[in-house]
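Inside the fold
The residues making up each chain are set out below.
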Amino acid sequence: MSKTVTFPQAITLPAIGQGSWYMGEDPSLRKKEIAALQAGLECGLKLIDTAEMYADGGAEQVVGEALSGRRDSAWLVSKVYPWHAGEVDAIEACERSLSRLKTDYLDLYLLHWRGSVPLEETIRAMETLQQQGKIRQWGVSNFDIDDMHELWQEAGGNACATNQVLYHLASRGIEYALLPECQQRQIPLMAYCPLAQAGRLRRDLLHNGALNQLAQQKGISIAQLLLAWVIRKEGVIAIPKASSVAHVQENAAALNVSFSSEELATINQQFPPPTGKLPLDVV
Ligand SMILES: NC(=O)c1ccc[n+]([C@@H]2O[C@H](COP(=O)([O-])OP(=O)(O)OC[C@H]3O[C@@H](n4cnc5c(N)ncnc54)[C@H](OP(=O)(O)O)[C@@H]3O)[C@@H](O)[C@H]2O)c1
């Protein structure tokens, strides 16, 4: 069965979306990137993740072009730099993102990582953006469990819709505390770098003999194995970046892959779950 994830406000989405980091950097790839994003939407990969940071706004422009005439088919996420996350600056940063994305609202707006602006100020800015109809929901990214506890203690902090964090088979630290607590609070996690950047973050992943054998037995690619593994748990959505239609279609098919407990045990032998609290991995 195709896996889904439910965000607050009863928004249910396919558990794989699309990333956009590095899109918009090379004009010669623009058409290909737009076609890939559009193919992803057609395969049901509804969530598109971008940020003012990516290609200095260039990725938002690519996404905006991909969404021309089909804005409502996507669930659009962008992110604000920590140094733009103050009460006034965040409104202006969001307006610039909306203009590059050629839309009048974001479905979700995230604080990209924690900076020196007090959380309280960022929450007020997010609330203002919601009241103005510029964003539907807000959340955070790269917050470890202690940051989440601080956030939840702030007035309005419980409205945080998600935390976007690094999660792939070779980086399982969030499974110890962050993921269980977010699951318990019914806050979905967005897994970035679910393919470990196609192995650049952990080359051993793609070349692991046991994983390759398992993928072969299941008739899937190693990328599909990695994605299906990331979304095997409740409340996790993976946002791989893919800039070819072939990759996007391959990734979408991972929504229907599941694992037996024996298969999961084989995977655990290669990349064991955490046995204690580890610092949150970031890129
Ligand atoms: N919040 C944060 O701080 C943060 C940090 C990093 C990333 N992110 C978000 O998360 C998204 C995903 O992370 P990421 O882009 O860093 O890494 P990723 O999704 O783990 O890996 C992207 C790489 O995988 C390749 N790929 C995609 N599908 C594939 C397939 N089926 N088979 C083989 N290779 C495949 C892509 O190649 P092609 O492009 O050639 O298809 C690209 O080189 C980002 O794009 C961004 O939106 C957020």
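Calculation criteria
- Residues numbered from 1 in each chain as written.
- Predicted model: local features only at pLDDT ≥ 70, side-chain atom pairs only at ≥ 80, totals over all residues.
- Heavy atoms only, no water.
- Helix = DSSP H or I, 4+ residues; strand = E, 2+ residues; numbered from the N terminus.
- Rg over C-alpha atoms; globule rule 2.2 N^0.38 Å.
- Buried < 20%, exposed > 50% of the residue type's maximum accessible area, 1.4 Å probe, protein only.
- Contact = heavy atoms within 4.5 Å.
- Areas by Shrake-Rupley, 256 points an atom, 1.4 Å probe, with all protein chains shown as cover.
- Lys, Arg positive; Asp, Glu negative; His and termini not counted.
- Charge placed at Lys NZ, Arg CZ, Asp CG, Glu CD.
- Near = heavy atom within 4 Å.
- Polar contact = N/O pair within 3.5 Å; in protein donor to acceptor, adjacent residues only side chain to side chain.
- 1 Å grid on protein atoms, 1.4 Å probe; cavity = no way out; pocket = protein on both sides within 12 Å on 5 of 7 lines; lining within 4 Å.
- Sits in = over half its atoms within 2 Å of the grid points.
- Nonpolar A, V, L, I, M, F, W, Y, C, P; charged D, E, K, R; others polar.
- Salt bridge = Lys/Arg side-chain N within 4 Å of Asp/Glu carboxyl O.
- Arc of directions from axis to C-beta.
- Core = buried A, V, L, I, M, F, W, Y, C linked by side-chain atoms within 4.5 Å.

**Overview of the overall build of the chain**
If you tally the helices and strands in the chain, you get 11 helices and 9 strands. Taking 2.2 N^0.38 as the reference for a compact globule, 283 residues should give roughly 19 Å; the C-alpha atoms of the chain span a radius of gyration of 18 Å, in line with that estimate. Principal axes of the C-alpha set define a box for the chain whose edges measure 55 × 45 × 30 Å. Counting every position in the chain, which comprises 283 residues, the buried fraction comes to 54%. Taking as baseline every contact in the chain between residues at least 6 positions apart, the subset at least 24 positions apart corresponds to 77%. For the chain, the accessible area works out to roughly 12,200 Å², and carbon and sulfur atoms hold 48% of it. Across the chain, the 25 positively charged side chains and the 32 negatively charged ones have centroids separated by 6 Å.

**Details of the site of the ligand**
Around the ligand sit 29 residues, and of these D49, S141, K241, S243 and H247 come closest. Y54 is positioned with one of its side-chain polar atoms (N or O) 3.3 Å from a nitrogen atom of the ligand. E250 places a polar side-chain atom, nitrogen or oxygen, 3.4 Å from a nitrogen atom of the ligand. Relative to its free-state accessible area of 900 Å², the ligand is covered by the protein chains to the extent of 89%. Here the ligand is seated within the largest pocket. Looking at the shell around the ligand element by element, the count peaks at 3 residues for helix α10 (residues 245-253). Broken down by class, the residue content of the shell around the ligand amounts to 13 nonpolar, 11 polar and 5 charged.

**Observations regarding the pattern of salt bridges**
For the structure on display, the rule yields 15 salt bridges. Salt-bridge contacts for E95 lead to K134; the nearest nitrogen and oxygen are separated by 2.7 Å. One end of the pair, E95, is in helix α3 (residues 89-101); the other, K134, is in the loop between α4 (119-131) and β6 (135-141), with 39 residues separating them in the sequence. Exposure remark for K134: the relative accessible area of 17% places this residue in the buried category.

**Let's talk about α10**
Inspection of α10 places V248, N251 and A252 among the buried residues, and these make up the whole buried set. Along α10, the residues classed as buried sweep out an arc of 100° about the axis, all on the same side. Those residues of α10 that are buried are in contact with α1 (30-42) and α9 (222-230).

**Digging into the nonpolar core**
In this structure, F7, L47, Y109, L151, L178 and M190 are the most contacted members of the largest nonpolar core, which totals 96 residues. Ranked by residues supplied to this core, first place goes to α9 with 8 residues. Contacts of L47, omitting those with residues within four sequence positions, involve F7, L13, G17, Q18, W75, V77, M190, I237 and I239.

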